[in-house]
Structures are given as C-alpha cells and as structure tokens.
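Letter by letter, the chains look like this.
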Amino acid sequence: PEKALAPAIGTPLRAKYEQWMFFVTATLEPYAWHFMLHSKILPQTKRIAALADWNREQYIYHLKVLNRLLNDKKYLLGENFSTADIMLGYLLFWFPDLLEKFSELNRYSKKLKNRKAYLSVVNGS
C-alpha cells in the first residue's frame, strides 16, 4: 500500500484496476502466448501456422481496442501508474513491432520503458 501501486480496496478505481489486471491475464495474454508459442518457441515440427496467425489476429484486435481506450490517458487508470500498467507493459514488450501502427500504445509503451524503475531493472543497476 505504501507504494500506491494499486487503488484502495473498496474504491471505484479499484474495480477498474481489477478489470485491467484480469483483462491482461485472461484475455490478452493467451493470444500473445499462443502466437509466441506457435511462431517462435515450439520446434518447427510442432508449430501450427494457422494457430499462430489466428492468435496474432486476435492479439492485434485487442491492441486496437487498447489503443482507443488509452487515448488521452497517461496510464491505464488515468494519471496514476499501477501494477496493471506493469502487467500490460510486460506483455506489450513481447511484440514491440506490432505497436508501431498504434500511436497511443506506442506512446504508452515508450513511457513505460522510460520509467526510472524499469531502466534500473533492465540496466542491472
């Protein structure tokens, strides 16, 4: 609680926060994971191109929705950074090339990558 990475329990903003946390893990991540699995992780003989393509399409569809929802927002919950942004950010970083055509997601992703805490983790300091 002292880090203020989640809204207080019982507040309206907490409901939005939980919505985003579940959206990332239950909706967006499965498409990203199966796209990654069938395009990069599995051995060539185990990959199913149709699954990779379909999951990529679904992932991109949800990126379009996110791009629209992030319009005029600094972070998912507005002005305040939260662990929901960490959850979404790590997933967006899997396929940075797919963000290029989404201006708001591209802006958002860059903002997350320029956070001091993120930079200290990736730079090992």
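What you are looking at is a predicted structure, and each value in this text was computed from that prediction instead of being measured.

K.L.:
Help me out: how do you make sense of the layout of surface pockets in this one?
P.N.:
Gaps left between atoms are located by rolling a probe of water-molecule size over the structure's atoms. The computed volume of the largest pocket comes to approximately 200 Å³. Lining the largest pocket are Leu5, Phe81, Asp85, Ile86, Gly89, Tyr90, Phe93, Leu112, Arg115, Ala117 and Tyr118. Contributions of two or more residues to the lining of the largest pocket are made by α3 (83–92) and α5 (116–122). For the lining of the largest pocket, the element with the most residues is α3, which contributes 4 residues. Its residues assigned to classes, the lining of the largest pocket shows 8 nonpolar, 1 polar and 2 charged.

K.L.:
For this particular structure, what's the right way to read the packing of helix α1 (residues 12–41) against α3?
P.N.:
Helix-helix packing is described using two parameters, namely the angle between the two axes and the distance between the axes. The N-to-C vectors of α1 and α3 enclose an angle of 10°; their axes lie 9 Å apart at closest approach. Judged by the inter-axis angle, α1 sits roughly parallel to α3. When the axes of α1 and α3 are compared, the crossing they make is left-handed. Residues Tyr17, Trp20, Met21, Val24, Thr25, Leu28, Glu29 and Ala32 of α1 pack against Thr83, Ala84, Met87, Leu88, Tyr90 and Leu91 of α3. Class assignment of the residues belonging to the contact of α1 with α3 gives a composition of 11 nonpolar, 2 polar and 1 charged.

K.L.:
Looking at this model, I keep getting lost on the packing of helix α2 (residues 49–69) against helix α4 (residues 103–113). Mind explaining?
P.N.:
At their nearest, the axes of α2 and α4 sit 7 Å apart, and the two run at 75° to each other. Comparing their axes, α4 and α2 come out roughly perpendicular. Residue-level contacts link Leu63, Leu66 and Asn67 of α2 to Ser103, Glu104 and Leu105 of α4. Considered class by class, the residues forming the contact of α2 with α4 number 3 nonpolar, 2 polar and 1 charged.

K.L.:
Can you walk me through the nonpolar core in this structure?
P.N.:
By size, the foremost hydrophobic cluster in this structure holds 31 residues, and its most contacted members are Tyr59, Leu63, Leu66, Leu88, Leu92, Leu105 and Tyr108. For this core, the secondary-structure elements that each account for two or more residues are α1, α2, α3 and α4. Among the elements that line this core, the one with the most residues is α1, at 9 residues.

What counts and what doesn't
Residues numbered from 1 in each chain as written. Predicted model: local features only at pLDDT ≥ 70, side-chain atom pairs only at ≥ 80, totals over all residues. Heavy atoms only, no water. 1 Å grid on protein atoms, 1.4 Å probe; cavity = no way out; pocket = protein on both sides within 12 Å on 5 of 7 lines; lining within 4 Å. Points joined across faces, edges and corners; volume = space filled by probe spheres on them. Helix = DSSP H or I, 4+ residues; strand = E, 2+ residues; numbered from the N terminus. Nonpolar A, V, L, I, M, F, W, Y, C, P; charged D, E, K, R; others polar. Axes fitted to C-alpha atoms, helices over the stretch in contact; angles between N-to-C directions. Parallel < 35°, antiparallel > 145°, perpendicular 65-115°, else oblique. Left-handed = near helix turned anticlockwise from the far one by under 90°. Contact = heavy atoms within 4.5 Å. Core = buried A, V, L, I, M, F, W, Y, C linked by side-chain atoms within 4.5 Å. Buried < 20%, exposed > 50% of the residue type's maximum accessible area, 1.4 Å probe, protein only.

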